[in-house]
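# Close look at the chain arrangement
The primary structure of each chain is shown beneath.
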Amino acid sequence: MLANLNDVLIPARKLGYAVGSFNVHNLETIQVVFDAATSLDLSVIIAFGEKVSHISDIQLIGKCVHTLANRTQIPIVLHLDHCKSIDFIVKAIQAGFTSVMYDGSSLSVAENIKNTSEVVRIAHAAGITVEAELGSIPAEDTGQVIVEDQLTKPEEAKEFIEKTHCDALAIAVGTIHGDYIGEPKIYHHRLKEIAKAVSAPLVLHGGSGNTEKDLTLAIEEGITKININTEISNAAVQKIKELFQEDFSGHLSALSNKIRNPMLEVVKEKMNLFLCGRTIIK
Ligand code: 13P
């Protein structure tokens, strides 16, 4: 069944586990995430980013996830990932998304508060939850870990949530999107301070490439949603490289089929890890 972020993240925060948010861009990747969730009987967040909306039509993504979600009692959140355009957020709501992320992290805090509040007003009127972002979580290709100055400040996070009424907050605690050049670093002390200052669910972007120990600790410290994109893609690309080294020359459909299991394994492994041995509430 379809659910929004509050349905899956509030129990997670209370009981100390995290829900996986996995990025999709087409029917194949949606089916992988859905199949992982149903095979493990776990809630999941299916995330479609504004930046891949040129690959698959958002209306079709909406229809496809609705069709699958109607086949199960497992809560399935259809979430718009990283969106800087309020017009596109409206489009996602019209396409049946149950949750949206407004990313105003590159703006001044005052502008971020103003725009996020506007998104919350629109989304909440439609029963849709809102994730916002505060602090710097670098995009793909930088590979660089961030310095302490760029981290989200606990007092700012508290004020941001009080003023915007967003449902969940993506915080900068050291992770980056994409592959790391050096060793990943999560600033655990800062994460703990933020979790102490706010009660809203906290989101860790850039979940790929971090150690199991670091992620488990981050969940214990208050993270309730972890985003994974790069590791799913890397598993598929690695498989394609191996197939071409073996002189693969089959049909494109055979190639699509062969990358399914490597992606499925990544999603299932992360879902199990994020549970931290807890029993999930549905
Ligand atoms: P990774 O690409 O590092 O897995 O991050 C995913 C993410 O945060 C999507 O918003």
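Structure: above.
We now turn to the structure provided with this report.

Calculation notes
- Every chain is numbered on its own, with residues counted from 1 as its sequence reads.
- Reporting of local features is limited, given that this is a predicted model, to residues whose pLDDT is at least 70; pairs of side-chain atoms are given and counted only at 80 or more, and all residues count toward the totals for whole chains, interfaces and linings.
- Working from all heavy atoms in the structure, the side-chain values ignore hydrogens and water.
- Under the scheme used here, helices are H or I runs from DSSP no shorter than 4 residues and strands are E runs no shorter than 2 residues, and both carry numbers assigned from the N terminus.
- Here the globule rule reads 2.2 Å times residues to the power 0.38, and the radius of gyration is calculated from C-alpha atoms.
- Relative accessibility thresholds used throughout: buried, under 20% of the residue-type maximum; exposed, over 50%; partly exposed, between the two (1.4 Å probe, protein chains only).
- The rule for a residue being near a molecule or strand is that one of its heavy atoms must lie within 4 Å of it.
- Between N or O atoms, a polar contact is any pair within 3.5 Å; within protein, one atom must be a potential hydrogen donor and the other a potential acceptor, and residues adjacent in sequence are included only when both atoms are from side chains.
- Note that accessible areas follow from Shrake-Rupley with a 1.4 Å probe, and for residues the cover is restricted to the protein chains shown.
- Residues were grouped as follows: Ala, Val, Leu, Ile, Met, Phe, Trp, Tyr, Cys and Pro as nonpolar; Asp, Glu, Lys and Arg as charged; and all remaining residues, including Gly, as polar.
- Structural elements are reduced to axes, namely lines fitted to C-alpha atoms, with helices fitted over the stretch in contact, and the angle between N-to-C directions of any two is expressed from 0 to 180 degrees.
- Under this scheme an angle from 65 to 115 degrees is roughly perpendicular, one under 35 degrees roughly parallel, and one over 145 degrees roughly antiparallel; angles in between are oblique.
- Two helices cross in a left-handed way if the nearer one is turned anticlockwise from the farther one by less than a right angle. They cross in a right-handed way if the turn is clockwise.
- Residue contacts are counted whenever heavy atoms from the two residues lie within 4.5 Å of one another.
- Each nonpolar core is a collection of buried residues, namely Ala, Val, Leu, Ile, Met, Phe, Trp, Tyr and Cys, held together in the definition by side-chain atoms within 4.5 Å.
- Helix span is expected to be 1.5 Å times the residue number reduced by one.
- We define a salt bridge as a side-chain nitrogen of Lys or Arg found within 4 Å of a carboxyl oxygen belonging to Asp or Glu.
- Whether two aromatic rings pair depends on their centres lying within 6.5 Å, for rings of Phe, Tyr and Trp, where Trp uses its six-membered ring; planes under 30 degrees apart make the pair stacked, over 60 edge-to-face, and the rest tilted.

### Structural notes on the overall build of the chain
Within the chain one finds eleven helices and nine strands. Taken over C-alpha atoms, the radius of gyration comes to 18 Å for the chain, in line with the 19 Å a tight globule of 282 residues would show. A principal-axis box enclosing the C-alpha atoms of the chain has dimensions of 55 × 40 × 35 Å. Per-residue burial over the chain gives 54% buried out of 282 residues.

### Structural notes on the site of the ligand
In the neighbourhood of the ligand, 14 residues make up the surrounding shell, with Asp 81, Gly 206, Ser 208, Asn 229 and Thr 230 lying closest. With respect to the ligand, the backbone of Asn 229 contributes an N or O atom lying 2.7 Å from an oxygen atom. Protein contact buries 98% of the 310 Å² of open area that the ligand shows by itself. Elements represented by at least two residues in the shell around the ligand include exactly β4 (76-83) and β9 (223-228). Along the lines of polarity and charge, the residues of the shell around the ligand split into two nonpolar, eleven polar and one charged.

### Describing the packing of helix α8 (residues 212-220) against helix α11 (residues 260-275)
Closest axis-to-axis distance for the α8/α11 pair is 9 Å, and the angle between their directions is 45°. Considering the angle they form, α8 stands oblique to α11. At the point where α8 passes α11, the crossing takes the right-handed sense. Residues Glu 212, Leu 215, Thr 216 and Ile 219 of α8 lie in contact with α11, whose contacting residues are Glu 269, Leu 273 and Phe 274.

### Observations regarding the nonpolar core
Core analysis: the largest hydrophobic core is formed by 94 residues, its most contacted members being Val 100 and Leu 169. Element by element, the count of residues in this core is highest for α11, at eight residues. Beyond its immediate stretch of four places on either side in the chain, Val 100 contacts His 79, Leu 80, Ile 89, Ala 92, Ile 93, Val 119, Ala 123, Ile 128, Thr 129, Val 130 and Glu 131.

### A look at helix α2 (residues 27-40)
With 14 residues, α2 should cover 20 Å at 1.5 Å per step; its first-to-last C-alpha distance of 20 Å lies within 8% of that length. Inspection of α2 places Thr 29, Ile 30, Val 32, Val 33, Phe 34, Ala 36 and Ala 37 among the buried residues, and these make up the whole buried set. Immediately downstream of α2, the backbone of Asp 41 shows phi near 60°, a positive value.

### Concerning the pattern of salt bridges
Under the counting rule described, the total for this entry stands at eight salt bridges. Between Glu 118 and Arg 121 there is a salt bridge; the shortest N-O distance is 3.0 Å. Separated by three residues within a single helix, Glu 118 and Arg 121 lie in helix α5 (residues 109-125), roughly one turn from each other. By relative accessible area, which is 53% here, Arg 121 ends up exposed. Across the pair Arg 190 and Glu 193 runs a salt bridge whose closest N-O atoms are separated by 3.6 Å. Of the two residues, Arg 190 and Glu 193 both sit in helix α7 (residues 188-197), three residues apart, roughly one turn of that helix. Residue class for Glu 193 comes out partly exposed when judged on its relative accessible area of 39%.

### Some remarks on the packing of aromatic side chains
Taken as a whole and assessed by the stated rule, the structure comprises two aromatic pairs. When the ring of Phe 244 is compared with that of Phe 248, the centres are 5.9 Å apart and the planes differ by 85°; the resulting orientation is edge-to-face. Taking the relative accessible area as the measure of exposure, Phe 248 reaches 17% and is therefore buried.

### Some words on the environment of His 54
Within the secondary structure, His 54 is located in the loop between β3 (44-49) and α3 (58-69). Since its relative accessible area comes to 66%, His 54 is described here as exposed. A distance of 3.1 Å separates a polar atom in the side chain of His 54 from the backbone oxygen of Lys 51.

### Quick look at the environment of Ala 95
Among the secondary structure elements, Ala 95 is positioned in the loop between α4 (86-94) and β5 (99-102). Expressed as a C-alpha distance, the spacing of Ala 95 and Glu 156, which sit 61 residues apart in the sequence, is 33 Å. Once residues within four sequence positions are removed from consideration, Ala 95 is found in contact with Ile 58, Gln 59, Gly 62 and His 66.

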